[in-house]
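Chain by chain, the residues run as shown.
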Amino acid sequence: MSEQRTFSIAAIPADGVGTEVVAAGRAVLDALAAGSGGRFAFEWTEFPWGCGYYEKTGRMMDEDGLETLQDFDALYFGAVGWPSVPDHISLWGLRLRICQNFDQWANVRPVHFHPGITSPLRKADDTPLDWVVVRENSEGEYAGLGGRNLAGRGPGNEVALQTALFTEKGCERIMRFAFDLARQRDRKKVSSVTKSNAQQYGMVLWDEVFERVAADYPDVETESVLVDAMSAKFVLHPEDLSVVVASNLNADILSDLGSALAGSLGLAASANLNPDRRFPSMFEPVHGSAPDIAGQGLANPIGAIGSAALMLEHFGLNDEATRVRKAIESTTAAGLLTPDVGGTATTDQIVEAVLANL
Ligand code: GGG
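In this report, we go over the structure that sits alongside the text. (Residues numbered from 1 in each chain as written. Predicted model: local features only at pLDDT ≥ 70, side-chain atom pairs only at ≥ 80, totals over all residues. Heavy atoms only, no water.)

Considering the packing of aromatic side chains
So, step 1. Enumeration over the complete set of coordinates arrives at 14 aromatic pairs.
So, step 2. When the centroid spacing of 5.7 Å and the interplanar angle of 70° are considered together, the rings of Phe40 and Phe42 count as edge-to-face. Here the two residues Phe40 and Phe42 agree in accessibility, since each one is buried.
So, step 3. An aromatic cluster is present here, built from Phe7, Phe40, Phe42, Trp44, Tyr76 and Phe315 joined pairwise through their rings.
So, step 4. One Lys or Arg, Arg135, reaches over the ring of Tyr142 and ends 4.9 Å from the middle of that ring. (Phe/Tyr/Trp six-rings, centres within 6.5 Å; stacked < 30°, edge-to-face > 60°. Buried < 20%, exposed > 50% of the residue type's maximum accessible area, 1.4 Å probe, protein only. Lys NZ or Arg CZ within 6 Å of the ring centre and 35° of its normal.)

As for the sheet that holds strand β3 (residues 74-79)
So, step 1. If you trace the 10 strands from one edge of the open sheet to the other, you get β2-β1-β3-β12-β11-β4-β5-β10-β8-β9, paired in mixed fashion. In this open sheet, the two edge strands, each paired with only one partner strand, are β2 (40-46) and β9 (221-226). The mean angle between the axes of side-by-side strands here comes to 25°, regardless of whether they run parallel or antiparallel.
So, step 2. The sheet contact formed by strand β1 (residues 5-14) and β3 spans 5 bridges and is parallel. Following the sheet pairing, Ala10 is matched in β3 by Leu75.
So, step 3. Lying over the sheet, helix α5 (residues 168-183) contacts β4 (106-112), β5 (130-136), β8 (189-194), β9, β10 (243-246) and β11 (269-273), oriented at roughly 160° with respect to β5.
So, step 4. Strand contacts of helix α7 (residues 227-236): β5, β8, β9 and β10, with the helix running at about 110° to β9, the strand carrying the most contacts. (Pairing = 2+ DSSP bridges. Helix = DSSP H or I, 4+ residues; strand = E, 2+ residues; numbered from the N terminus. Axes fitted to C-alpha atoms, helices over the stretch in contact; angles between N-to-C directions. Contact = heavy atoms within 4.5 Å.)

Regarding the side chain of Ser90
So, step 1. Tracing the sequence through the fold places Ser90 in helix α4 (residues 87-101).
So, step 2. With sequence-adjacent residues up to four places away left out, Ser90 is seen in contact with Cys51, Met60, Val80, Gly81, Val85 and Arg95.

Quick word on the site of the ligand
So, step 1. The immediate surroundings of the ligand are formed by Gly78, Ala79, Val80, Leu91, Arg95, Arg135, Tyr142, Asp252, Glu284, Pro285, Val286 and His287.
So, step 2. Between the ligand and the protein, one listed contact pairs an oxygen atom with a side-chain N or O atom of Arg95 at 2.7 Å.
So, step 3. Asp252 is positioned such that a nitrogen or oxygen atom in its side chain is 3.2 Å from an oxygen atom of the ligand.
So, step 4. Considering the ligand on its own, with 360 Å² of exposed area, one finds that the protein chains cover 83% of that surface.
So, step 5. Those elements that place two or more of their residues in the shell around the ligand are β3, α4 and β12 (281-285).
So, step 6. Both domains that meet at the shell around the ligand, namely domain 1 (1-116 + 265-358) and domain 2 (119-262), each give it at least three residues. (Near = heavy atom within 4 Å. Polar contact = N/O pair within 3.5 Å; in protein donor to acceptor, adjacent residues only side chain to side chain. Areas by Shrake-Rupley, 256 points an atom, 1.4 Å probe, with all protein chains shown as cover. Domains from an automatic or database assignment.)

Structure, rendered in structure tokens:
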């Protein structure tokens, strides 16, 4: 990259530990920019949206918030959720509102095992493990279709419908994304997660599209695995995984399992991508707002810093992304760990170490 570039980033720390980990990631990105000899810079605008904002205004974000965000180069998000606001209000009012309206249809969630962090899997001691969960991020079980009715019939009579939506286009684009990603990896394999034995409409369509797309990638190994069997496989045969493509809900659950197997949810990075680049993409740690440790300086910033590395890659700054990942590895390998992974280090101490290792 020869020309100078200033990336405009909207920071949305939102709730709980989101504030601490977004500050951590910003410090790393700013340090890289400061050392880039003017090649690139980040121009930050921070938004106060989240549950605190909801308590004051009745809204999780400004009414015209999407219009405000759409011209940024990227969004850097913390975590959403706080006990004072129902979870479905906070999630739909902010994170899902952004993901769905900006058509961030690919949610990339690497499951990465770090040196110096003990995995609950004994196999991780002597087997290289590294896979990516590709989450369909725009439809499936999160389509937001359904409703509640019949409460007027009196107590105990209300009904609710929550409808999953599977479109051929939605399935195809996420599967092609997964296959293209697999082609860039050492192990060229895509595992499709299904539940077509029980869900005979949406998931059967999912399977059919997977077979059709797979035919265009004869160089990529494939398998189709029921979600229950896949959860067992994550624990028993994770060495057999490379790219795992799954529907919105299945991938959400499996990626949390993956990060727990790597040692902690605090380690997991993610990118909500609009691969067509019609809208800004959003980078955020997989973890939530962790009210139990919020404000104590104990949050693990590695998921957020890893998400910053994914943002750098999105901007084509691949060497810088690699530097960030290596700095994280040197930090964990030296035994500097937050309490969620068995250490006593604070968020700030991890950030200082990552900066020193850059
Ligand atoms: N940083 C991710 C985050 O805030 N997650 C909150 C949450 O509850 N997410 C559920 C989901 O997106 O499925």
